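# Per-entry structural report
One-letter residues, chain by chain:
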Amino acid sequence: MRRSADELNKMRKAGKVVAEMHEATRAAVKPGVTLLQLNEIAAEVIAKRGARSNFLNYHGFPAVICTSPNNMIVHGIPDDTKLREGDIISIDCGAIIEGYHGDAAYTMGVGEISPVAKKLIEITERSMWAGIEQLKAGNRLHEVGRAVQNVAEAAGFSVVREYVGHAIGTAMHEQPQVPNYWPGSGGPTLKTGMVFAIEPMINVGTADTYVLDDGWGVMTQDGELSAHFEHTIAVTDNGPEVFTVL
Ligand code: MG
Ligand code: MG
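In what follows, the accompanying structure is described.

Rules of the game
Residues numbered from 1 in each chain as written. Chains lettered and ligands numbered in written order. Predicted model: local features only at pLDDT ≥ 70, side-chain atom pairs only at ≥ 80, totals over all residues. Heavy atoms only, no water. Core = buried A, V, L, I, M, F, W, Y, C linked by side-chain atoms within 4.5 Å. Buried < 20%, exposed > 50% of the residue type's maximum accessible area, 1.4 Å probe, protein only. Helix = DSSP H or I, 4+ residues; strand = E, 2+ residues; numbered from the N terminus. Donors = N, O, S within 2.8 Å, 3.2 Å for Na, K, Ca; no water. Expected span 1.5 Å × (residues − 1). Pairing = 2+ DSSP bridges. Patch = residues over 30% accessible without salt bridge, like charges linked within 9 Å, V, L, I, M, F, W, Y side chains within 5 Å. Areas by Shrake-Rupley, 256 points an atom, 1.4 Å probe, with all protein chains shown as cover. Salt bridge = Lys/Arg side-chain N within 4 Å of Asp/Glu carboxyl O. Lys, Arg positive; Asp, Glu negative; His and termini not counted. Charge placed at Lys NZ, Arg CZ, Asp CG, Glu CD. Axes fitted to C-alpha atoms, helices over the stretch in contact; angles between N-to-C directions. Contact = heavy atoms within 4.5 Å. Phe/Tyr/Trp six-rings, centres within 6.5 Å; stacked < 30°, edge-to-face > 60°. Lys NZ or Arg CZ within 6 Å of the ring centre and 35° of its normal.

Counting residues in hydrophobic clusters, the biggest one holds 59 residues, and the most contacted among them are Met-21, Val-29, Leu-38, Leu-135 and Phe-196. Counting residues per element, the ones that place at least two in this core are helix 1 (5-28), helix 2 (35-48), strand 3 (88-97), strand 4 (100-109), helix 3 (115-132), helix 4 (143-154), strand 8 (195-198) and strand 13 (231-236). Residue contributions to this core peak at 7 residues, all from helix 3. Among the nonpolar cores identified, the runner-up in size contains 7 residues, and Leu-8, Met-11, Tyr-100 and Ala-234 belong to it.

Below you can see the structure in the form of structure tokens.
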């Protein structure tokens, strides 16, 4: 749906809180830090900014961020696992301001990482930006997925199919969904005032996934690395406006 100028302003504010959560957790990622400590750092940002968490209690999720290391794709529950040199870690953050949602994720290395891990992170982020560039009024929504898929597959990586981007506003996950691949048709026509979370999940090996017994952590079937980048973006008369940046 199309958001009013007032609604977009609230989403801009929520986006800034999410960006601040990114900045604070990024600065804390190093060997020895636990995933729960990263969650606490993000929770402090939410509290300091007078925001609310959209992740906490979402279908029973017990934390304010998702932490997904190495072969975990998304939705990891923060626990007392310590990050180690050479790991990669995907961190997904969200916040609500005055009833409006922001949602964004990044993957980074812990200390020195392997060349393939470095390439995966670079390509996943690049694929997200290629998708974001498609968020122009008059364009068709599924051009996002086509652009993401082109970047990922040209690098020899695969696109996760079971988890996708989404519209966002007064709920975190609104319709329509935004596949990260070409689903065979153009989809809805984009209009100024629409807001989406674009979030490619890209694997080094096959695209296949499975879910841990905790019901949350999504893993690569083959145990290979996965990365995840996400921003919340509005379609404006001047092209895409990314809300989840400082
Ligand atoms: Mg997210
Ligand atoms: Mg999302």
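In an ideal tetrahedron of four donors about a metal, each angle is 109.5 degrees. In an ideal octahedron of six donors, the angles are 90 or 180 degrees. Here the magnesium ion (ligand 1) is held by Asp-92 (OD), Asp-92 (OD), Asp-103 (OD) and Glu-230 (OE), and the distances to it run 2.0 to 2.4 Å. Within one chain, the residues donating to the magnesium ion (ligand 1) are spaced in sequence as D-x10-D-x126-E. Here the magnesium ion (ligand 1) and the magnesium ion (ligand 2) are spaced 3.2 Å apart, and both take Asp-103 as a donor. Placement of the pair is Asp-103 in strand 4 and Glu-230 in the loop between strand 12 (226-228) and strand 13, with a sequence separation of 127 residues. Note on Asp-103: relative accessible area 2%, which makes it buried.

We now examine helix 3. Between its first and last C-alpha, helix 3 extends 26 Å over 18 residues, near the 26 Å set by a 1.5 Å rise per residue. Burial in helix 3 covers these residues: Ala-117, Leu-120, Ile-121, Ile-123, Thr-124, Ser-127, Met-128, Ala-130, Gly-131 and Ile-132.

A separate point is the pairing of strand 4. In terms of burial, strand 4 is a largely internal element, 10 of the 10 residues being buried. Of the two faces of strand 4, both are covered, the one formed by Tyr-100, Gly-102, Ala-104, Tyr-106 and Met-108 as well as the one formed by His-101, Asp-103, Ala-105, Thr-107 and Gly-109. Hairpin remark: strand 3 followed by strand 4, antiparallel, with 2 residues in the connecting loop; positive phi at Glu-98, about 50 degrees.

Among the surface-exposed residues, Glu-162, Asp-208, Asp-222 and Glu-224 lie close enough to one another that they form a single negatively charged patch. Counting through the fold element by element, Asp-222 comes out in the loop between strand 11 (218-220) and strand 12.

Read from one edge of the open sheet, 3 strands run 1-3-4, paired in antiparallel fashion. Strands with a single pairing partner mark the edges of an open sheet, and in this sheet they are strand 1 (65-69) and strand 4. When strand polarity is set aside, the average angle formed by the axes of neighbouring strands in this sheet is 10 degrees. In this structure, strand 1 lies alongside strand 3, joined through 5 bridges in antiparallel fashion. Bridge pairing links Cys-66 to Asp-92 in strand 3. Each of strand 1 and strand 3 touches helix 2; the most contacted strand, strand 1, lies at about 150 degrees to it.

Applying the stated criterion across every chain, the model contains 1 aromatic pair. On the numbers, 5.0 Å between centres and 80 degrees between planes, the contact of Phe-61 with Trp-216 is edge-to-face. You can see Phe-61 sitting in the loop between helix 2 and strand 1 and its partner Trp-216 sitting in the loop between strand 10 (209-211) and strand 11, a full 155 residues away along the chain. The residues Phe-61 and Trp-216 share a single accessibility class, namely buried. Positioned above the aromatic ring of Phe-157, the side-chain terminus of Lys-119 is 5.2 Å from the ring centre. Looking at Arg-161, its charged tip hangs above the ring of Tyr-181, at a distance of 4.6 Å from the centre.

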